[in-house]
Amino acid sequence: WLGEIPEEGKIKRLKNIAHIEMGQSPDSSFFNKDGIGVPFLQGNADFKGLYPQPQVWTTDGNKYSQKNDILISVRAPVGELKISNDRYSIGRGLAALRFNKKSNFKNFYYLFIKSKNHFDSVSTGTTYSAISTNDIKNIIIAVPPIDQQTKIGKYLDQKTSKIDELTKKNERLIELLKERRQAI
């Protein structure tokens, strides 16, 4: 599923280039909706847009993501991704991938978006699908040199920005058409 690897790239297991922080949910008695404590992310329900949208806070978090970690849903639906834009307490439905300084996290964010089918294929479970710590740690990925990672990340940021702009324009046009139809 990796495809062709550039000659100067390397193949590594994720555990060799990133710290994997598996979530752990605090007791619900520490939850609040008043913004007291640290924003808490339970799982995919808090995933809207590029960054998570917390609905609950906790005064007693156990595991945390840091800014620029990649957040991955490890329970159904498996493989959903967001970028941590803040420090969050993370629950059992999530893992935070913290890349070392010799890696560009955006490059890997886009790689993992493309690899969603792989996460589905390694997930297990009868009640709900999930991936384990070992599944995540042992993901094999292509690691280009850091300068190429940076270029890839910037290029894909530019292209996805253009796509997002076009999507917004189309959504606005649809709204205008609905308004005109209503007026007619």
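Note that this is a predicted model, so its numbers are computed, not measured.

### As for the sheet that holds strand 7 (residues 70-73)
Argument step 1. Pairing within the open sheet is antiparallel, and its four strands lie in the order 2-10-7-8. The sheet is open, and its two borders are formed by strand 2 (18-22) and strand 8 (81-83), each paired with just one other strand. Taking each pair of neighbouring strands and ignoring which way they run, the sheet shows an average axis angle of 25°.
Argument step 2. Inspection of the sheet shows strand 7 paired to strand 8 by three bridges, in the antiparallel sense. When the sheet's bridge partners are listed, isoleucine 72 is paired in strand 8 with leucine 81.
Argument step 3. Each of strand 7, strand 8 and strand 10 (94-99) is contacted by helix 1 (residues 105-114), which is oriented at about 165° to strand 8, the strand it contacts most.

### Describing the packing of aromatic side chains
Argument step 1. Within this structure, the stated rule accounts for five aromatic pairs.
Argument step 2. Here phenylalanine 99 and phenylalanine 112 contribute two aromatic rings whose centre-to-centre distance is 6.5 Å and whose plane-to-plane angle is 35°, an arrangement assigned as tilted. In this pair, phenylalanine 99 is assigned in strand 10 and phenylalanine 112 in helix 1, connecting sequence segments 13 residues apart.
Argument step 3. Ring centres of phenylalanine 112 and phenylalanine 119 lie 5.9 Å apart, and the angle between their planes is 55°; this geometry places the pair in the tilted category. Each member of the pair phenylalanine 112 and phenylalanine 119 is classed as buried.
Argument step 4. Taken together, the aromatic side chains of Phe99, Phe108, Phe112 and Phe119 make up a single cluster linked through ring pairs.
Argument step 5. For arginine 87, the ring lying beneath its charged end belongs to tyrosine 64, and the centroid distance is 3.8 Å.

Reading the values: rules and limits
Residues numbered from 1 in each chain as written. Predicted model: local features only at pLDDT ≥ 70, side-chain atom pairs only at ≥ 80, totals over all residues. Heavy atoms only, no water. Pairing = 2+ DSSP bridges. Helix = DSSP H or I, 4+ residues; strand = E, 2+ residues; numbered from the N terminus. Axes fitted to C-alpha atoms, helices over the stretch in contact; angles between N-to-C directions. Contact = heavy atoms within 4.5 Å. Phe/Tyr/Trp six-rings, centres within 6.5 Å; stacked < 30°, edge-to-face > 60°. Buried < 20%, exposed > 50% of the residue type's maximum accessible area, 1.4 Å probe, protein only. Lys NZ or Arg CZ within 6 Å of the ring centre and 35° of its normal.

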